[in-house]
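Okay, here's what each chain looks like letter by letter:
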Amino acid sequence: MESNIDFGIHMPIQLFTDPTTGQIFGFTTTHVNTVLVMIALTIFGLIVRAKVNSFTVVPRTKFQVIIEMLVDGFGAFTTSTMGENNRKFSMFYGPMFLFILLSNLTGLVGLRPPTADIATTFALSLTTFFMVQIYGVKAKGPAYYKGLLEPMPFLLPLNVIGELANPISLSFRLFGNILGGTIIMGLYYAMMPWFMKIGIPSVLHLYFDIFAGVLQTFIFVMLSMTFVSSAME
């Protein structure tokens, strides 16, 4: 019996087709859902920016309390991982955390998580890779790359491979966990009868979307912080 289950990345917006190769160019579900996440975060940022001038020293609104908890939480998280001198990185990793988290949670509203696409997670991990190189050189100068010759010069190829493997492992860890949850939920909805889709999926969503989504966001950001801070030591 032929299965109707399709876990591929669809292209809902097709721009044109190459007549020579038949390749279709357009926007995939990953593009569309990523834009939706970015719009949601942009709106949230604009709301915060509009209300920040009305914040008081002693919070009077629940909104200010939530914003201050987010800022302090990201600051404490960054400090505990990267050290007090690198607290400034919370301004980068805070938005990254929110982007990955919201992307992971889009499965709750029936969308395909952008982080279930290796292109998204690899782009995020490349950000970490280039930050490691830039801040490593900024902190140590060209001597940063002398570490590739340690403890013995003949280990240079292995050290280079290890350096290149960091963004790959970082991207596949997030991608694999989110995609796995997406596939399992898709199989459940496709195979179970209608009366098994009432109540039970909420428990599965609680684990695969919320628990796994929050956990993988935390792991990705923490590892990224660790790589960058280690390069600067």
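Summarised in this report is the structure supplied together with it. All residue numbers here refer to positions counted from 1 along the written sequence of the relevant chain. Two thresholds apply to this predicted model, a pLDDT of at least 70 for residue-level local features and 80 or more for giving and counting side-chain atom pairs, whereas whole-chain, interface and lining totals are computed over all residues. The side-chain quantities take in all heavy atoms of the structure and omit both hydrogens and water.

## Some words on the overall build of the protein
When helices and strands are tallied, the protein shows six helices and two strands. Along the protein, helices and strands appear, N-terminal first, in the series β-β-α-α-α-α-α-α. Burial classification: accessible surface area is computed with a 1.4 Å probe over protein chains only, and a residue below 20% of its type maximum counts as buried, one above 50% as exposed, and the rest as partly exposed. Considering the protein as a whole, with its 233 residues, one finds that 31% of them fall into the buried category. In the protein, the share of contacts with a sequence separation of at least 24, taken over all contacts with a separation of at least 6, comes to 60%. Surface accessibility in these figures is a Shrake-Rupley result with a 1.4 Å probe; residues are shielded only by whichever protein chains are displayed. Counting only carbon and sulfur atoms, one obtains 72% of the accessible surface of the protein, whose full area is about 14200 Å². Helix and strand assignments come from DSSP, with helices taken as H or I runs of at least 4 residues and strands as E runs of at least 2, each series counted from the N terminus. We call two residues in contact whenever any of their non-hydrogen atoms come within 4.5 Å of each other.

## Concerning the side chain of Thr120
In this fold, Thr120 is placed in helix α4 (residues 118-140). Since its relative accessible area comes to 11%, Thr120 is described here as buried.

## Regarding the nonpolar core
By size, the foremost hydrophobic cluster in this structure holds 26 residues, and its most contacted members are Tyr93, Ile100, Phe220, Val221 and Val228. At the level of secondary structure, the elements contributing two or more residues to this core comprise α2 (62-82), α3 (90-105), α4, α5 (156-191) and α6 (200-232). No other element matches α3, which puts six residues into this core. Setting aside its immediate chain neighbours within four residues, Val228 contacts Met82, Phe89, Tyr93, Thr128, Met131 and Val132. To define a nonpolar core, start from buried Ala, Val, Leu, Ile, Met, Phe, Trp, Tyr and Cys residues and group those joined through side-chain atoms within 4.5 Å.

## Description of the layout of surface pockets
Here a cavity is any set of points on a 1 Å grid over the protein atoms alone where a 1.4 Å probe fits but cannot get out, and a pocket is any open set with protein on both sides within 12 Å along at least 5 of 7 lines; a residue lines the site when it has an atom within 4 Å of a point. Grid points are joined across faces, edges and corners, and a volume is the space filled by probe spheres set on the points. Counted as a void, the largest pocket has a volume near 490 Å³. Around the largest pocket, the lining comprises 17 residues; the ones closest to its centre are Phe44, Phe74, Gly94, Pro95 and Leu98. For the lining of the largest pocket, the secondary-structure elements that each account for two or more residues are α1 (29-51), α2 and α3. In terms of residue count, α3 provides more of the lining of the largest pocket than any other element does, six residues in total. Its residues assigned to classes, the lining of the largest pocket shows 12 nonpolar, four polar and one charged. Gly is put with the polar residues, along with every residue not named as nonpolar or charged; the nonpolar set is Ala, Val, Leu, Ile, Met, Phe, Trp, Tyr, Cys and Pro, and the charged set is Asp, Glu, Lys and Arg.

## Comments concerning the packing of aromatic side chains
Paired rings are identified among Phe, Tyr and Trp, the last through its six-membered ring, by centres lying within 6.5 Å, and are further divided according to the angle between planes into stacked (under 30 degrees), edge-to-face (over 60) and tilted (the rest). Within this structure, the stated rule accounts for seven aromatic pairs. Their ring planes at 20° and their centres at 5.0 Å tell us that Phe77 and Phe218 sit as a pair that is stacked. With Phe77 in helix α2 and Phe218 in helix α6, this pair connects stretches of sequence that are 141 residues apart. Among the residues examined, Phe77 registers a relative accessible area of 14% and is labelled buried. Relative accessible area serves as the criterion here: at 35%, Phe218 is assigned to the partly exposed category. Centre to centre, the rings of Phe172 and Phe175 are 6.1 Å apart; their planes meet at 85°, and the pair counts as edge-to-face. You can see Phe172 and its partner Phe175 sitting in helix α5, three residues apart, about one turn around the helix. Taking the relative accessible area as the measure of exposure, Phe172 reaches 48% and is therefore partly exposed. Residue classification places Phe175 among the buried positions, given a relative accessible area of 17%. Geometrically, a lysine NZ or arginine CZ counts as sitting over a ring once it is within 6 Å of the ring centre and also within 35 degrees of the ring normal. Lying over the aromatic face of Phe63, Lys51 brings its terminal NZ or CZ to 5.0 Å of the ring centre.

## Quick word on the packing of α1 against α3
Axis angles are defined between N-to-C directions and span 0 to 180 degrees, where every axis is a line fitted to C-alpha atoms and, for a helix, only to the segment in contact. Across the interface, α1 lies against α3 with an axial gap of 10 Å and an inter-helix angle of 125°. Here α3 runs oblique to α1, going by the angle between their axes. Handedness of the α1/α3 crossing: right-handed. Residue-level inspection shows Thr34, Val37, Met38, Ala40 and Leu41 of α1 in contact with α3, the latter providing Leu98, Phe99, Leu102 and Ser103. In this scheme, roughly parallel covers angles under 35 degrees and roughly antiparallel covers those over 145, while 65 to 115 is roughly perpendicular and the rest are oblique. Handedness of a crossing is defined here by the sense of rotation of the near helix relative to the far one, left-handed for an anticlockwise turn of less than a right angle and right-handed for a clockwise turn.

## Observations regarding the packing of α3 against α4
If you want to describe how two helices pack, look at the angle between their axes and the distance between the axes. At a minimum axis separation of 12 Å, α3 and α4 run at an interaxial angle of 165°. Here α3 lies roughly antiparallel to α4, going by the angle between them. Here α3 and α4 pass one another in a crossing that is left-handed. On α4, the residues that touch Phe92, Tyr93, Met96, Phe99 and Ile100 of α3 are Leu124, Thr127 and Met131.

## Brief notes about a nonpolar patch on the surface
Among the surface-exposed residues, Val35, Leu36, Ile39, Ile43, Ile47, Leu108, Val109, Leu111, Leu206, Ile210 and Val214 lie close enough to one another that they form a single nonpolar patch of about 900 Å² accessible area. Secondary structure elements with two or more residues in the nonpolar patch: α1 and α6. No other element matches α1, which puts five residues into the nonpolar patch. Tracing the sequence through the fold places Leu206 in helix α6. Residues enter a patch when their relative accessible area is above 30% and they make no salt bridge; the linking distance is 9 Å between like charges and 5 Å between nonpolar side chains (Val, Leu, Ile, Met, Phe, Trp, Tyr). Any carboxyl oxygen of Asp or Glu within 4 Å of a side-chain nitrogen of Lys or Arg constitutes a salt bridge here.

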